[in-house]
Amino acid sequence: MTLGVKPEQALRLRLMAFDVDGVMTDGRLYYGPDGEMLKTFSTLDGHGLKKLAASGVTLAIITGRNSAMVARRARDLGIEHVIQGREDKGVALSALAQQLGLSAAEIGYMGDDEPDVPALEWAGLGFAPANAHAVARSAAGHVTEARGGEGAVREVCDSLLRLREGQ
């Protein structure tokens, strides 16, 4: 499955950015007895991200929360561009694009809720997980079969990789 992405779009892709909560996680927040917040990440998604990066696509995270866990996960995956505490995700994504000298057509973004809509609409490729809010699914050009935190990121990575490899 290629999520309806055209091969030329996948080949043009230079940057793929992701929201965290509801995309890289299932969107649930767990609080420990001392008030610490915990998130769970899929190892399947992580492997897909590493493969996509190895194909030459730069990865980024843009999230509205500030979390040491997100910074740690990004380090573990080798994701260099981590923008936290930003609700203006469209502005953050376009600023990162400018910094990297990229156009919207060279960028993909995956998000699941209202704060992601400007980035989904600005990017050349927009993706949403199956369980995303209706406004995000509508703004994204492509919706996965998998839910956020349950393989949706991997589905996007695998689809892009198949197209980039000409399969």
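Residues numbered from 1 in each chain as written. Predicted model: local features only at pLDDT ≥ 70, side-chain atom pairs only at ≥ 80, totals over all residues. Heavy atoms only, no water.

S.K.: I would appreciate a short explanation of helix H3 (residues 68-77) in the present structure.
M.R.: Two residues of an α-helix separated by three or four positions point the same way, owing to the 3.6 residues in each turn. Within H3, the full set of buried residues consists of Val70, Arg73, Ala74 and Leu77. Relative to the axis of H3, the buried residues are bounded by an arc of 100° and lie together on one face. Pointing more than 90 degrees away from the buried face of H3 are the exposed residues Ala68 and Arg75. The elements touched by buried residues of H3 are helix H2 (43-54), strand S4 (58-62) and strand S5 (81-83). Of the residues that open H3, the one with a side-chain oxygen 3.1 Å from the backbone nitrogen of Met69 is Ser67. (Buried < 20%, exposed > 50% of the residue type's maximum accessible area, 1.4 Å probe, protein only. Helix = DSSP H or I, 4+ residues; strand = E, 2+ residues; numbered from the N terminus. Arc of directions from axis to C-beta. Contact = heavy atoms within 4.5 Å. Polar contact = N/O pair within 3.5 Å; in protein donor to acceptor, adjacent residues only side chain to side chain.)

S.K.: Mind showing me how you'd approach the pairing of strand S7 (residues 125-128) here?
M.R.: Where a strand is regular, its side chains alternate between the two sheet faces. Side chains Leu125 and Phe127 project from S7 onto one buried face, and the interleaved Gly126 and Ala128 project onto a second face that is buried too. In the sheet, strand S6 (residues 107-110) pairs with S7 via three bridges, with the strands oriented parallel. Residue Gly108 lies in a different strand from S7, and its bridge partner there is Leu125. Crossover connection from S6 via helix H5 (residues 117-122) to parallel S7: handedness right-handed. Note on the crossover from S7 through helix H6 (residues 134-139) to strand S8 (residues 142-143): the handedness is right-handed. (Pairing = 2+ DSSP bridges. Right-handed = clockwise from strand over helix to strand, strands pointing away.)

S.K.: It is not clear to me how the side chain of Asp45 should be interpreted in this structure. Could you clarify?
M.R.: Topologically, Asp45 is positioned in helix H2. Comment: no salt bridge for buried Asp45; closest opposite-charge side chain is Arg154, at 6.8 Å. With residues up to four places along the chain from it excluded, the contact list for Asp45 reads Val23, Met24, Gly149, Gly151, Ala152, Val153 and Arg154. (Lys, Arg positive; Asp, Glu negative; His and termini not counted. Salt bridge = Lys/Arg side-chain N within 4 Å of Asp/Glu carboxyl O.)

S.K.: Hey, could you run me through the environment of Val143 in this one?
M.R.: Its place among the elements puts Val143 in strand S8. Put simply, Val143 and Leu3 are 140 residues apart on the chain and 7.0 Å apart in space, counted from C-alpha to C-alpha. Those residues in contact with Val143, other than ones at most four positions away along the chain, are Leu3, Ala128, Pro129, Ala130 and Arg137.

S.K.: Explain the packing of H2 against H3 to me, please; I cannot follow it from the model alone.
M.R.: A pair of packed helices can be characterised by two numbers: the angle between their axes and the separation between those axes. Following both chains from N to C, one finds H2 and H3 inclined at 50°, their axes separated by 10 Å at the closest point. As judged from the angle between their axes, H2 and H3 are oblique. Contact with H2, carried on its side by Thr43, Gly46, Leu49 and Lys50, involves Arg73, Asp76 and Leu77 of H3 and no other residues of that element. In the contact of H2 with H3, the residues fall into two nonpolar, two polar and three charged. (Axes fitted to C-alpha atoms, helices over the stretch in contact; angles between N-to-C directions. Parallel < 35°, antiparallel > 145°, perpendicular 65-115°, else oblique. Nonpolar A, V, L, I, M, F, W, Y, C, P; charged D, E, K, R; others polar.)

S.K.: Would you take a moment to explain the sheet that holds S4 for this structure?
M.R.: If you walk across this open sheet you meet the six strands as S5-S4-S1-S6-S7-S8, and the pairing is parallel. Single-partner strands in this sheet number two, and they are S5 and S8. Strand direction decides the pairing type here: strand S1 (residues 15-18) and S6, joined by four bridges, are parallel. Considered in S6, the bridge of Leu15 is made with Ile107.

S.K.: Got a minute to help me understand helix H4 (residues 89-100) in this structure?
M.R.: The end-to-end C-alpha distance of H4 is 16 Å, a good match for the 16 Å that 12 residues give at a rise of 1.5 Å each. Buried within H4 are the following residues: Lys89, Gly90, Ala92, Leu93, Leu96 and Ala97. Each buried residue of H4 sits inside an arc of 165° when the element is viewed along its axis, so together they form one side. For H4, the exposed residues set more than 90 degrees away from the buried face come down to Gln98 and Gln99. Where H4 is buried, its residues meet S1, S4, S5, S6 and H5. Taken from the residues just after H4, Gly101 is the one with a positive phi, measuring 70°. (Expected span 1.5 Å × (residues − 1).)

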